[in-house]
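Single-letter residue listing:
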Amino acid sequence: MSWISGPLVSFDLETTGTDVETDRIVTAAVVRLDPGGAVAEERTWLLNPGVAIPEQASAIHGISTEHAREHGAPAAAAIEEIARAVAEGLRAGMPLVVMNARYDLSLLDRECRRYEVESISERLGNALSPVIDPLVIDKHVDKYRKGKRALHALCAHYGVSLDDAHNARADAVAAARVVQRMGEKHQPVGLMSLAELHDLQVRAAAEQSVSLQAYLRRTADPTAVVEPAWPLIPRQR
């Protein structure tokens, strides 16, 4: 039976920035979709990240420092709940959908370390798997397509509605529906076992990182380093 005919758990974050080592979680969502794409269960969080939210980040997700401080949950308690919810979905045998998984999962991993909370891998007792990343898969199955590959662009390409972009819940739901459409459209991907699909993405992400590194060396930033690991960037010592 194909993974697209089963339930999916999807996870998304909105944050203070783009550095997985230093930035913080502002909002998070974990949702479970049934095989038809309907939301069967959901949890959302608003955190007080403990730092100021830069204006450029607030402009994207709409959460100001003042709002987060007044209405957000203490970060440590929320990180514990988020990590537990993600781990529970994987422990139940459901694949975890994360758009640009390397970023969201690595940042959550660093937040767990920051607050001395068990990481997802520690909770599972093994590697974080199976993960399905629509960004990695799309670049693999349609590598020469022109244009952007942000979530809104993937939604447009695969015919998925995204009415509230950069809302963690909306983005999580849309990402899961996109991978369902990908599995239907690209049958070799849709018919893979979850273990095969996860391993494919590990290889594809490494190839994509090498290609990006080569591009950067030819252009403006010859010193840029692209981390090839997937779905987690290794922790810095």
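The following paragraphs examine the structure supplied in this document. Residue indices begin from 1 for each chain and proceed along its sequence in written order. Local features are withheld for residues below a pLDDT of 70 in this predicted model, meaning they are given only at 70 or higher, and side-chain atom pairs are given and counted only at 80 or more; totals for whole chains, interfaces and linings count all residues. Note that water and hydrogens are dropped before the side-chain values are worked out from all heavy atoms of the structure.

Comments concerning the nonpolar core
To keep things clear, this is the line we draw: Working definition of a nonpolar core: buried Ala, Val, Leu, Ile, Met, Phe, Trp, Tyr and Cys residues. They are joined through side-chain atoms within 4.5 Å. Only protein chains enter the accessibility calculation, which uses a 1.4 Å probe; a residue is then buried when its area is under 20% of its type maximum, exposed when over 50%, and partly exposed in between. Only DSSP runs of H or I with at least four residues qualify as helices, and only runs of E with at least two residues qualify as strands; both kinds are numbered from the N terminus onward. Contacts were defined at the residue level, with two residues in contact if any of their heavy atoms lie within 4.5 Å.
Core analysis: the largest hydrophobic core is formed by 37 residues, its most contacted members being Phe 11, Leu 96, Leu 105 and Ile 120. Those elements that provide at least two residues to this core are β1 (8-15), β2 (25-33), β3 (39-48), α3 (75-91), α4 (101-114), α5 (120-124) and α10 (194-218). Once residues lying within four places of it in the same chain are set aside, the contact partners of Phe 11 are Ala 29, Val 30, Ile 82, Val 86, Leu 96, Val 97, Val 98, Asp 104, Leu 105, Leu 108 and Ala 172. Grouped together as the second largest cluster of nonpolar side chains are 26 residues, Leu 8, Leu 151, Val 173 and Ala 175 included.

Describing the pairing of β3
This is how it is decided: DSSP-based pairing: two strands are paired if at least 2 bridges between them are found.
Where β2 lies against β3, 7 bridges are found, and the strand directions are antiparallel. Opposite Ala 29, over in β3, you have Thr 44 as the bridge partner.

Quick notes on the environment of Asp 12
Within the secondary structure layout, Asp 12 lies in strand β1. For the pair Asp 12 and Val 98, spaced 86 residues apart in sequence, the C-alpha separation works out to 6.4 Å. In this structure, Asp 12 is in contact with Thr 27, Ala 28, Ala 29, Asp 104, Ala 168, Asp 171 and Ala 172, ignoring residues within four places of it in sequence.

What about the sheet that holds strand β6 (residues 131-132)?
Using the following cut-off: Whenever a helix is involved, its axis is fitted only over the stretch in contact; in every case the axis is a line through C-alpha atoms, and angles between N-to-C directions fall within 0 to 180 degrees.
A sheet is described by the order of its strands in space; here 6 strands give the open sequence β4-β3-β2-β1-β5-β6, paired in mixed fashion. Here the strands that pair on one side only, and so sit at the sheet edges, are β4 (73-74) and β6. With 2 bridges connecting them, β3 and β4 associate as parallel partners. Within the sheet, the bridge partner assigned to Asn 48 lies in β4 and is Pro 74. Contacting β1, β2, β3, β4 and β5 (96-97), α3 runs over the sheet at an angle of about 155 degrees to β3. Sitting on the sheet, α4 is in contact with β1, β2, β5 and β6, with an inclination near 70 degrees to β1.

Structural notes on the side chain of Asp 104
As a reminder of what qualifies: Counting rule for charge: Lys and Arg are taken as positive, Asp and Glu as negative, and neither His nor the chain ends is counted. For salt bridges, the criterion is a side-chain nitrogen of Lys or Arg within 4 Å of an Asp or Glu carboxyl oxygen.
For Asp 104, the location among the structural elements is in helix α4. For the buried residue Asp 104, which engages in no salt bridge, the nearest side chain bearing the opposite charge is Arg 102, 11 Å off. Leaving out residues up to four positions away in the same chain, Asp 104 has contacts with Phe 11, Asp 12, Leu 13, Val 98 and Met 99.

Here's the deal with the packing of α3 against α4
Describing two packed helices takes the angle between their axes plus the distance from one axis to the other. Going by this rule: Roughly parallel covers angles under 35 degrees, roughly antiparallel covers those over 145, roughly perpendicular covers 65 to 115, and oblique covers all other angles. In this scheme the handedness of a crossing depends on how the near helix is turned from the far one: anticlockwise by less than a right angle means left-handed, clockwise means right-handed. Polar here means any residue other than Ala, Val, Leu, Ile, Met, Phe, Trp, Tyr, Cys and Pro, which are nonpolar, and Asp, Glu, Lys and Arg, which are charged; Gly is therefore polar.
At their nearest, the axes of α3 and α4 sit 10 Å apart, and the two run at 130 degrees to each other. Compared by their axis directions, α3 and α4 come out oblique. Helix-helix and strand crossings are classified by hand; for α3 and α4 the assignment is left-handed. Between α3 and α4, the contacting residues are Ile 79, Ile 82 and Ala 83 on the first element and Leu 108, Glu 111 and Cys 112 on the second. Residues of the contact of α3 with α4, tallied by class, amount to 5 nonpolar, no polar and 1 charged.

Details of the pattern of salt bridges
In total, this model carries 13 salt bridges according to the counting rule given. The salt bridge partner of Glu 41 is Arg 32, with a shortest N-O separation of 3.4 Å. Judged by relative accessible area, which is 27%, Arg 32 ranks as partly exposed. Measuring nitrogen to oxygen at the nearest pair gives 2.8 Å for the salt bridge that ties Glu 42 to Arg 169. Taken together, the residues span a long stretch of sequence, with Glu 42 in strand β3 and Arg 169 in helix α8 (residues 168-185) at a distance of 127 residues. Note on Arg 169: relative accessible area 30%, which makes it partly exposed. Ionic contacts of the salt-bridge type, sharing partners, join the residues Glu 21, Asp 109, Arg 110, Arg 113 and Arg 235 into one network.

Some points on the pairing of β1
When you tally the buried positions in β1, you get 8 out of 8 residues, the bulk of the element. In terms of strand pairing, β1 meets β2 through 8 bridges, oriented antiparallel. Looking across to β2, one finds that Val 9 is bridged to Arg 32. As paired strands, β1 and β5 are joined by 2 bridges and run parallel to one another. The residue bridging Val 9 from the neighbouring strand is Leu 96, located in β5.

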